[in-house]
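Chain and residue survey
Below, each chain spelled out in residue letters.
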Amino acid sequence: MNRPRRLALVLALGALLGGCGTATEAPSPRATTERPFWSAEFAGAAGTRPSAASWNTETGNREAEGWGNDELQYYTDDAANSALDGAGHLLVSARRAPAGARLPCYTQESCPWTSARLTTEGKVALRRGRVEIRAKLPTGTGLLPALWMLGDNGVEWPGQGEIDICEVVGAEPHTVYGTAHGPSYFNEHGIGGSTALPGDTSRDFHVYAVDKQPHRITWSVDGEPYFTLTPSKLPRPGDWVFEQDMHLLLNVAVGGDWPGPPDRSTPSPATMTVDYVRLYGEGAA
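Residues numbered from 1 in each chain as written. Predicted model: local features only at pLDDT ≥ 70, side-chain atom pairs only at ≥ 80, totals over all residues. Heavy atoms only, no water.

Some words on the overall build of the protein chain
A tally of helices and strands in the protein chain yields one helix and 17 strands. Scored against the burial criterion, the 285 residues of the protein chain give a buried share of 56%. Taking all contacts inside the protein chain whose residues are at least 6 apart in sequence as the whole, residues at least 24 apart take part in 75%. When the accessible surface of the protein chain is split by element, carbon and sulfur atoms take 49% of a total near 11,200 Å². (Helix = DSSP H or I, 4+ residues; strand = E, 2+ residues; numbered from the N terminus. Buried < 20%, exposed > 50% of the residue type's maximum accessible area, 1.4 Å probe, protein only. Contact = heavy atoms within 4.5 Å. Areas by Shrake-Rupley, 256 points an atom, 1.4 Å probe, with all protein chains shown as cover.)

Here it is as C-alpha coordinates:
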(Lines give C-alpha, C1' and ligand atoms only; values in the text may rest on other atoms or scores of the structure.)
Protein backbone atom coordinates (compact mmCIF):
# COMPACT_ATOMS: atom_id res chain seq x y z
CA MET A 1 0.00 0.00 0.00
CA ASN A 2 1.31 3.43 -0.87
CA ARG A 3 1.51 5.61 2.19
CA PRO A 4 1.52 9.42 2.13
CA ARG A 5 4.85 11.03 2.89
CA ARG A 6 4.81 14.59 4.26
CA LEU A 7 7.99 16.57 4.77
CA ALA A 8 8.53 18.91 7.71
CA LEU A 9 10.22 22.27 7.68
CA VAL A 10 11.88 21.70 11.01
CA LEU A 11 14.79 24.11 11.26
CA ALA A 12 13.14 26.55 13.64
CA LEU A 13 11.60 23.79 15.73
CA GLY A 14 14.86 21.88 15.81
CA ALA A 15 16.70 24.94 17.08
CA LEU A 16 14.05 25.48 19.73
CA LEU A 17 14.51 21.92 20.97
CA GLY A 18 18.31 22.02 20.87
CA GLY A 19 18.78 20.28 17.55
CA CYS A 20 21.67 22.10 15.90
CA GLY A 21 25.31 21.12 16.04
CA THR A 22 28.33 20.26 13.96
CA ALA A 23 29.38 16.79 12.85
CA THR A 24 32.79 15.62 11.63
CA GLU A 25 33.44 13.76 8.42
CA ALA A 26 33.71 9.96 8.50
CA PRO A 27 35.94 8.84 5.62
CA SER A 28 36.07 5.26 6.89
CA PRO A 29 33.57 2.86 8.53
CA ARG A 30 32.97 3.07 12.27
CA ALA A 31 35.33 0.91 14.30
CA THR A 32 33.30 -1.32 16.61
CA THR A 33 33.33 -4.82 18.03
CA GLU A 34 29.53 -4.90 18.07
CA ARG A 35 28.02 -7.11 15.41
CA PRO A 36 24.93 -6.04 13.46
CA PHE A 37 22.03 -8.46 13.46
CA TRP A 38 21.49 -7.53 9.78
CA SER A 39 23.50 -5.63 7.20
CA ALA A 40 23.53 -4.81 3.51
CA GLU A 41 27.10 -4.44 2.22
CA PHE A 42 26.17 -4.35 -1.49
CA ALA A 43 28.77 -6.76 -2.82
CA GLY A 44 28.01 -7.88 -6.35
CA ALA A 45 28.56 -7.19 -10.01
CA ALA A 46 28.00 -3.75 -11.47
CA GLY A 47 24.46 -3.31 -12.74
CA THR A 48 23.00 -5.93 -10.38
CA ARG A 49 19.75 -4.90 -8.72
CA PRO A 50 19.71 -4.91 -4.89
CA SER A 51 18.78 -8.27 -3.39
CA ALA A 52 15.04 -8.99 -3.51
CA ALA A 53 15.48 -11.04 -0.35
CA SER A 54 15.87 -7.78 1.58
CA TRP A 55 14.65 -4.97 -0.69
CA ASN A 56 11.37 -4.08 -2.34
CA THR A 57 11.22 -1.58 -5.21
CA GLU A 58 8.18 0.71 -5.22
CA THR A 59 7.15 2.22 -8.56
CA GLY A 60 4.92 4.92 -9.98
CA ASN A 61 3.79 8.44 -9.10
CA ARG A 62 0.22 9.32 -10.08
CA GLU A 63 -1.45 6.44 -8.24
CA ALA A 64 0.67 7.32 -5.20
CA GLU A 65 -0.58 10.93 -5.42
CA GLY A 66 2.88 12.30 -6.01
CA TRP A 67 4.10 10.32 -2.99
CA GLY A 68 2.26 12.73 -0.71
CA ASN A 69 4.43 15.73 -1.59
CA ASP A 70 3.57 16.62 -5.22
CA GLU A 71 6.89 15.08 -6.27
CA LEU A 72 7.94 14.99 -9.93
CA GLN A 73 9.86 11.70 -10.14
CA TYR A 74 8.44 8.43 -11.43
CA TYR A 75 9.93 5.59 -9.41
CA THR A 76 11.08 2.62 -11.50
CA ASP A 77 12.62 -0.79 -10.99
CA ASP A 78 15.22 -0.14 -13.70
CA ALA A 79 18.90 -0.75 -13.00
CA ALA A 80 19.53 2.79 -14.28
CA ASN A 81 17.80 4.05 -11.14
CA SER A 82 18.95 1.50 -8.56
CA ALA A 83 21.78 -0.98 -8.88
CA LEU A 84 25.15 -2.01 -7.46
CA ASP A 85 28.28 -0.37 -8.84
CA GLY A 86 30.55 -3.42 -8.55
CA ALA A 87 32.71 -1.69 -5.93
CA GLY A 88 30.60 -2.44 -2.86
CA HIS A 89 28.06 0.36 -3.19
CA LEU A 90 24.38 0.74 -3.99
CA LEU A 91 23.56 3.58 -6.39
CA VAL A 92 20.11 5.20 -6.20
CA SER A 93 19.87 7.69 -9.06
CA ALA A 94 17.40 10.33 -10.13
CA ARG A 95 17.58 11.03 -13.86
CA ARG A 96 15.77 13.22 -16.35
CA ALA A 97 13.17 11.09 -18.10
CA PRO A 98 13.93 10.06 -21.69
CA ALA A 99 12.42 12.22 -24.41
CA GLY A 100 8.93 11.05 -25.27
CA ALA A 101 8.49 9.01 -22.09
CA ARG A 102 4.92 8.74 -20.84
CA LEU A 103 5.23 8.47 -17.07
CA PRO A 104 1.88 9.26 -15.38
CA CYS A 105 2.41 12.08 -12.88
CA TYR A 106 0.11 13.41 -10.15
CA THR A 107 0.67 17.13 -10.74
CA GLN A 108 1.12 17.06 -14.53
CA GLU A 109 0.61 14.74 -17.47
CA SER A 110 4.02 13.09 -17.42
CA CYS A 111 6.82 12.97 -14.86
CA PRO A 112 9.99 14.69 -16.11
CA TRP A 113 12.28 12.60 -13.88
CA THR A 114 12.80 8.95 -12.94
CA SER A 115 14.25 7.69 -9.67
CA ALA A 116 14.08 4.79 -7.22
CA ARG A 117 12.45 4.10 -3.85
CA LEU A 118 13.66 0.96 -2.04
CA THR A 119 12.11 -0.44 1.14
CA THR A 120 12.62 -3.42 3.45
CA GLU A 121 8.93 -3.63 4.39
CA GLY A 122 7.95 -7.19 5.32
CA LYS A 123 11.58 -8.32 5.17
CA VAL A 124 13.82 -6.38 7.56
CA ALA A 125 12.93 -4.12 10.49
CA LEU A 126 14.49 -2.53 13.57
CA ARG A 127 12.64 -2.94 16.86
CA ARG A 128 15.21 -1.59 19.32
CA GLY A 129 18.77 -0.50 18.71
CA ARG A 130 20.65 1.47 16.09
CA VAL A 131 20.57 1.90 12.33
CA GLU A 132 23.70 3.17 10.60
CA ILE A 133 23.85 4.11 6.92
CA ARG A 134 27.14 5.22 5.37
CA ALA A 135 26.37 7.22 2.26
CA LYS A 136 26.96 10.17 -0.01
CA LEU A 137 23.74 12.12 -0.65
CA PRO A 138 23.17 14.11 -3.86
CA THR A 139 22.62 17.85 -3.76
CA GLY A 140 21.20 20.34 -6.24
CA THR A 141 18.12 22.46 -6.79
CA GLY A 142 14.90 20.48 -6.32
CA LEU A 143 16.48 17.31 -4.92
CA LEU A 144 15.48 15.59 -1.68
CA PRO A 145 17.40 12.38 -0.90
CA ALA A 146 16.17 10.58 2.21
CA LEU A 147 17.08 7.69 4.51
CA TRP A 148 14.12 6.89 6.74
CA MET A 149 11.85 4.39 8.53
CA LEU A 150 8.14 3.64 8.70
CA GLY A 151 6.29 1.63 11.34
CA ASP A 152 4.97 -1.89 10.78
CA ASN A 153 1.94 -1.48 13.10
CA GLY A 154 -0.55 -1.55 10.22
CA VAL A 155 -1.97 1.88 11.07
CA GLU A 156 -2.52 4.53 8.41
CA TRP A 157 0.09 7.31 8.28
CA PRO A 158 0.82 9.35 10.41
CA GLY A 159 -0.32 6.94 13.15
CA GLN A 160 2.02 4.46 11.51
CA GLY A 161 4.99 6.46 12.80
CA GLU A 162 7.90 7.76 10.73
CA ILE A 163 11.53 8.43 11.61
CA ASP A 164 13.58 10.37 9.07
CA ILE A 165 17.14 9.27 9.72
CA CYS A 166 18.44 11.87 7.31
CA GLU A 167 17.01 14.25 4.72
CA VAL A 168 19.01 16.74 2.67
CA VAL A 169 17.30 19.57 0.82
CA GLY A 170 19.37 19.82 -2.34
CA ALA A 171 19.76 23.59 -2.18
CA GLU A 172 21.14 23.27 1.38
CA PRO A 173 24.11 20.97 0.69
CA HIS A 174 25.69 21.30 4.15
CA THR A 175 22.57 20.70 6.26
CA VAL A 176 21.18 17.37 7.50
CA TYR A 177 17.66 17.12 8.91
CA GLY A 178 16.35 14.39 11.25
CA THR A 179 12.62 14.33 12.02
CA ALA A 180 9.90 12.21 13.62
CA HIS A 181 6.24 12.14 12.56
CA GLY A 182 3.30 10.70 14.49
CA PRO A 183 -0.41 11.19 15.23
CA SER A 184 -0.24 14.79 16.52
CA TYR A 185 3.08 15.89 15.00
CA PHE A 186 3.34 15.49 11.24
CA ASN A 187 3.81 17.50 8.06
CA GLU A 188 5.10 20.93 9.07
CA HIS A 189 4.58 19.95 12.73
CA GLY A 190 7.06 17.08 12.59
CA ILE A 191 9.55 17.24 15.45
CA GLY A 192 13.28 17.10 14.83
CA GLY A 193 16.56 18.88 14.51
CA SER A 194 19.35 19.63 12.08
CA THR A 195 23.13 19.70 11.98
CA ALA A 196 25.66 21.45 9.73
CA LEU A 197 28.38 19.47 7.98
CA PRO A 198 31.73 20.92 6.94
CA GLY A 199 31.23 20.00 3.27
CA ASP A 200 28.66 19.20 0.61
CA THR A 201 26.94 15.89 1.44
CA SER A 202 27.46 14.69 -2.14
CA ARG A 203 31.25 14.83 -1.89
CA ASP A 204 32.04 12.75 1.18
CA PHE A 205 30.69 9.67 2.90
CA HIS A 206 29.08 10.22 6.29
CA VAL A 207 27.50 7.77 8.72
CA TYR A 208 23.88 8.78 9.31
CA ALA A 209 22.39 7.03 12.33
CA VAL A 210 19.41 6.77 14.64
CA ASP A 211 19.57 5.08 18.04
CA LYS A 212 16.04 3.88 18.79
CA GLN A 213 15.64 2.94 22.44
CA PRO A 214 12.50 2.66 24.62
CA HIS A 215 10.99 6.14 24.83
CA ARG A 216 14.11 7.77 23.39
CA ILE A 217 15.37 8.36 19.85
CA THR A 218 18.73 10.00 19.16
CA TRP A 219 19.95 11.22 15.76
CA SER A 220 23.65 11.48 14.93
CA VAL A 221 26.10 12.00 12.08
CA ASP A 222 29.53 10.39 12.21
CA GLY A 223 28.92 9.36 15.82
CA GLU A 224 28.07 12.92 16.95
CA PRO A 225 24.51 13.19 18.37
CA TYR A 226 22.59 16.32 17.43
CA PHE A 227 19.00 15.72 18.56
CA THR A 228 17.14 13.49 21.04
CA LEU A 229 13.39 13.00 21.15
CA THR A 230 11.43 11.67 24.15
CA PRO A 231 7.66 11.51 24.79
CA SER A 232 7.88 14.65 26.93
CA LYS A 233 8.67 16.69 23.78
CA LEU A 234 5.50 15.62 21.98
CA PRO A 235 2.30 17.69 21.93
CA ARG A 236 0.67 14.69 23.61
CA PRO A 237 3.13 12.25 25.24
CA GLY A 238 0.67 9.40 24.68
CA ASP A 239 1.15 9.79 20.92
CA TRP A 240 4.57 8.10 21.08
CA VAL A 241 4.29 5.36 18.44
CA PHE A 242 7.84 4.10 18.09
CA GLU A 243 7.85 1.01 20.32
CA GLN A 244 7.41 -1.26 17.30
CA ASP A 245 9.25 -2.79 14.34
CA MET A 246 10.10 -0.18 11.72
CA HIS A 247 11.33 -0.91 8.19
CA LEU A 248 13.81 1.09 6.12
CA LEU A 249 13.38 3.26 3.03
CA LEU A 250 15.97 4.79 0.69
CA ASN A 251 14.96 7.20 -2.06
CA VAL A 252 15.89 10.28 -4.06
CA ALA A 253 12.87 12.53 -4.61
CA VAL A 254 12.75 15.38 -7.12
CA GLY A 255 10.61 18.47 -6.72
CA GLY A 256 7.66 18.75 -4.40
CA ASP A 257 6.55 20.75 -1.41
CA TRP A 258 9.86 21.11 0.41
CA PRO A 259 12.76 21.35 -2.08
CA GLY A 260 10.77 23.09 -4.83
CA PRO A 261 11.18 22.33 -8.54
CA PRO A 262 14.43 21.30 -10.22
CA ASP A 263 15.99 23.57 -12.83
CA ARG A 264 18.66 23.41 -15.53
CA SER A 265 21.37 23.32 -12.87
CA THR A 266 20.02 20.15 -11.23
CA PRO A 267 22.46 17.30 -11.90
CA SER A 268 21.33 14.26 -13.87
CA PRO A 269 22.04 11.65 -12.75
CA ALA A 270 21.77 12.76 -9.13
CA THR A 271 23.07 9.73 -7.27
CA MET A 272 22.87 8.54 -3.68
CA THR A 273 25.86 6.24 -3.08
CA VAL A 274 25.28 3.85 -0.18
CA ASP A 275 28.30 2.02 1.23
CA TYR A 276 26.39 -0.02 3.82
CA VAL A 277 23.24 -0.28 5.91
CA ARG A 278 23.64 -1.94 9.33
CA LEU A 279 21.16 -2.70 12.09
CA TYR A 280 22.31 -3.32 15.67
CA GLY A 281 20.18 -4.54 18.55
CA GLU A 282 16.87 -6.33 18.00
CA GLY A 283 14.55 -6.64 15.06
CA ALA A 284 13.30 -8.80 12.24
CA ALA A 285 15.47 -10.05 9.39
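Side note on the packing of aromatic side chains
Counted according to the given criterion, the structure contains seven aromatic pairs. Geometrically, the ring pair formed by W240 and F242 is edge-to-face, given 5.1 Å between the ring centres and 85 degrees between the ring planes. When sorted by exposure, W240 lands in the same class as F242, which is buried. Grouped by ring-pair contacts, the aromatic residues W38, F42 and W55 constitute a single cluster. Note that R278 overlies the ring of Y276, its terminal NZ or CZ placed 3.6 Å from the centroid. (Phe/Tyr/Trp six-rings, centres within 6.5 Å; stacked < 30°, edge-to-face > 60°. Lys NZ or Arg CZ within 6 Å of the ring centre and 35° of its normal.)

Focus: the state of the cysteines
Per the counting criterion, the structure on display carries one disulfide. With a sulfur-sulfur separation of 2.4 Å, C105 is cross-linked through a disulfide to C111. Between C105 and C111, the S-S torsion sits near 95 degrees, and that sign places the bridge as right-handed. (Disulfide = S-S within 2.5 Å.)

A short note on the pairing of strand β11 (residues 175-181)
In terms of burial, β11 is largely enclosed, as seven of its seven residues are buried. Of the two faces of β11, the one carrying T175, Y177, T179 and H181 and the one carrying V176, G178 and A180 are both buried. With four bridges joining them, strand β10 (residues 162-167) and β11 adopt antiparallel strand pairing. Within β11, the position partnered with D164 by the bridge is T179. (Pairing = 2+ DSSP bridges.)

Focus: the pattern of salt bridges
Applying the stated criterion to the full structure yields seven salt bridges. Ionic pairing is found between R130 and E132, a salt bridge with its closest N-O pair at 2.7 Å. Comparing R130 with E132, the two get one shared label, buried. Connected through shared salt-bridge partners, E34, R130 and E132 make up one network. (Salt bridge = Lys/Arg side-chain N within 4 Å of Asp/Glu carboxyl O.)

As for the confidence of the model for the protein chain
Per-residue confidence for the protein chain averages 91 on the pLDDT scale, and 89% of its residues sit at or above 70. Low pLDDT (under 50) marks residues 1-31, which in the prediction has 99 contacts with non-local residues, meaning those over four places away or in another chain. (pLDDT = per-residue confidence, 0-100.)

Some remarks on unusual backbone geometry
Residue W157 is joined to P158 through a cis peptide bond whose omega torsion reads 10 degrees. Tracing the chain through its elements places P158 in the loop between β9 (143-151) and β10. A cis amide bond links S268 to the next residue, P269, at an omega of 5 degrees. Tracing the sequence through the fold places P269 in the loop between β16 (246-254) and β17 (270-284). Even without glycine at this site, N187 takes up a positive phi of about 55 degrees. Of note, N187 is situated in the loop between β11 and β12 (191-196).

Quick word on the side chain of R130
Mapped onto the elements of the fold, R130 is located in strand β8 (residues 125-136). By relative accessible area, R130 is classed as buried at 13%. A polar contact of 2.7 Å, which involves the side chain of R130, links it to the side chain of E132. (Polar contact = N/O pair within 3.5 Å; in protein donor to acceptor, adjacent residues only side chain to side chain.)

Points about the side chain of T175
Here T175 is to be found in strand β11. The class for T175 is buried, based on a relative accessible area of 18%. Filtering out sequence-adjacent residues up to four positions away, T175 remains in contact with E167, V168, S194 and T195.

Notes on the environment of L143
Mapped onto the secondary structure, L143 falls in strand β9. Overall, the relative accessible area of 0% leaves L143 in the buried class. Not counting residues up to four positions away in its chain, the partners in contact with L143 are P138, V168, V169, G170, A253, V254, P259, T266, P267 and A270.

Concerning the environment of D70
With respect to the helices, strands and loops of the structure, D70 is situated in the loop between β2 (56-58) and β3 (73-75). Between the C-alpha atom of D70 and that of V254, which follows or precedes it by 184 residues, the distance is 9.5 Å.

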